[in-house]
Each structure stands twice: as structure tokens, then as C-alpha cells.
Amino acid sequence: MSENRIDPKIEASWKTALMDQFEAAYFSELRDFLKKEYKEHRIYPAGPDIFKAFDLTPFDQVKVVILGQDPYHRPGQAHGLSFSVQDGVPFPPSLRNIFQELKTDVGVDLPASGNLAKWAEQGVLMLNATLTVRHKTAGSHQKKGWETFTDACIRKLSEQHEQIVYVLWGNYARAKAELIDNAKHLVIESAHPSPFSAHNGFFGSKPFSKVNAYLEEHGKSPVDWRLD
């Protein structure tokens, strides 16, 4: 393998699907930026967790996409899945509101852990638009190339698969709807679960039951939303 060729540590089916992105000039620039950032600053998530969402949810197994914006930027939180935190970490406000809606919608009680890996393992791609962030500096890795990469992920899923449910919470995520062919996929949109907006359309939106109703309608197994 040539020195300039990128060999990403990512699940094999995603590596195949996204190799054109890994070989693009912008991704080489992003890689150089990240090498410098990880060397000079405290960056989340840890390097091995950058592609965890992809590793837990292979390309051909994606049934649902839940799109976030940035990883959490405080110690111990981010581990590569949107909205998820590591075991033993207090729930951030948005995640607590997600669990509140989960209880109201489908009756799942508040879990002991905010780790959403069990969703990911069932085909729920927990994707952030930007996959890394600097310590206590929200948005610090935006517009460095990650959005180009994750837009390509959304677009490729839309083009190469059918009957995926895309869950877009908040204006940032909802803007990604233009990347999705809604003639062959379901797009669920609402306000963001943040405390600043949850009462303006997130609470009562019933995304979890809507996801499962669509999956079952199209002969796919529903998501077991329980985490305990």
C-alpha cells in the first residue's frame, strides 16, 4: 500500500462504500488536521472510537439513521455514537429528553446507562455530522471536512438502499433531508431534544413508534429500544 493511500480503521463494508471519500483530497487534509489536533489538544472521542457508529452498524445492515451534529465535548462522554454517552456518565440534557420521549412514546423506562450501543447493534446508525471535537469547544471541528464525509454517507445510504428511516431532530439535521430520496425512504423530522427546543415539537412527536411501524410495514424487524 502506498504511503499516501489512506487505510481507515473502519468496518469493512463501510470502507468499500466510502473508499472514494477516503481517497479524496479533502479527506487527506482532514486527516492531517486531525493528526495535529490530537497531538496538541484534548479531542473527543478517543481515536479508536471515531468510526464506532460505522463499526457497530455495517453499511448493509442500516435500517435507521439518527443524525446528530457534534460529539459531546466534556470528559468521558463521547464515544462515537450520536447522543450516546459512555457507561456511568450522567445523561446530558438532550439525552435525558430523548429518554423522556421514549417512555411516553413506547413505555420504555429510564435506563441505567446512556450508552446507545444496543440500538446501533440493531441497525440504528447513530451518526454525528462532525465526528470529532476539541475539549469544551463545541463546533471546533466543523467545516474541516467531516460534513462532506458524513453527507456522502447519508447520500450513499439513500442511493444504494431502500426503506431506511432517517430521524432528523432540529434545524441542522433537517437540512440534510435534501440528501435523502423520500420516495423510497421515510424521513421523520421534529424539533431538537435540547431543553431549548424540546417543548416546541420534540415532545409528543413519537419517533420511536413511527420508526418501528414503518420497519414492520416493510417486513423488517423493529428496534428493541430497551437498553437495560
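This text gives an overview of the structure that appears in the document. No experiment lies behind these values; they were computed from the predicted model shown. (Residues numbered from 1 in each chain as written. Predicted model: local features only at pLDDT ≥ 70, side-chain atom pairs only at ≥ 80, totals over all residues. Heavy atoms only, no water.)

**Things to note about helix α2 (residues 25-40)**
Rules: Runs of H or I in DSSP of at least four residues are treated as helices and runs of E of at least two as strands, each being numbered from the N terminus. Given the number of residues in a helix, its expected span is that number minus one, multiplied by 1.5 Å. Only protein chains enter the accessibility calculation, which uses a 1.4 Å probe; a residue is then buried when its area is under 20% of its type maximum, exposed when over 50%, and partly exposed in between. It is the directions from the helix axis to the C-beta atoms that the arc portrays. Should any heavy atoms of two residues lie within 4.5 Å, those residues are counted as being in contact.
For α2, which comprises 16 residues, the first-to-last C-alpha distance of 23 Å matches the rise-based estimate of 22 Å (1.5 Å per residue) to within 8%. Those residues of α2 lying buried are Tyr26, Phe27, Leu30, Leu34 and Glu37. Buried residues along α2 cover an arc of 85° about the axis, so they all sit on one side. Counted as exposed and oriented over 90 degrees from the buried face of α2: Ala25, Glu29, Lys35 and Lys39. If you follow the buried residues of α2, they end up packed against α1 (12-22), β1 (43-44), β4 (133-134) and α6 (146-160).

**Notes on the sheet that holds strand β3 (residues 124-128)**
Our working definition: Two strands pair if DSSP finds at least two bridges between them. Each axis is a line fitted through C-alpha atoms, and for a helix only the stretch in contact is used; angles between axes span 0 to 180 degrees, taken between their N-to-C directions.
With parallel pairing, the four strands of this open sheet are ordered in space as β3-β2-β5-β6. Two strands close off the open sheet at either side, each with one partner strand: β3 and β6 (186-190). Ignoring strand direction, the axes of neighbouring strands in this sheet form an average angle of 20°. For strand β2 (residues 64-68) and β3, the ladder comprises five bridges, and the chain directions are parallel. Considered in β3, the bridge of Ile66 is made with Met126.

**Quick notes on the layout of surface pockets**
Under the convention used in this document: Using protein atoms alone on a 1 Å grid, points that fit a 1.4 Å probe yet trap it form a cavity, whereas open point sets bounded by protein on both sides within 12 Å along at least five of seven lines form a pocket; residues with an atom within 4 Å of a point count as lining. Grid points are joined across faces, edges and corners, and a volume is the space filled by probe spheres set on the points. Throughout, the ten residues Ala, Val, Leu, Ile, Met, Phe, Trp, Tyr, Cys and Pro are labelled nonpolar, Asp, Glu, Lys and Arg are labelled charged, and all others, Gly among them, are labelled polar.
Its boundaries defined by the atoms lining it, the largest pocket holds a volume of some 620 Å³. Residue lining of the largest pocket: 35 residues in total, with Asp70, Tyr72, Phe83, Ser94 and His192 positioned closest to the centre. At the level of secondary structure, the elements contributing two or more residues to the lining of the largest pocket comprise β2, α4 (93-106) and α7 (170-174). In terms of residues, the lining of the largest pocket owes the most to one element, α7, which gives four residues. Partitioning the lining of the largest pocket into residue classes produces 17 nonpolar, 16 polar and two charged.

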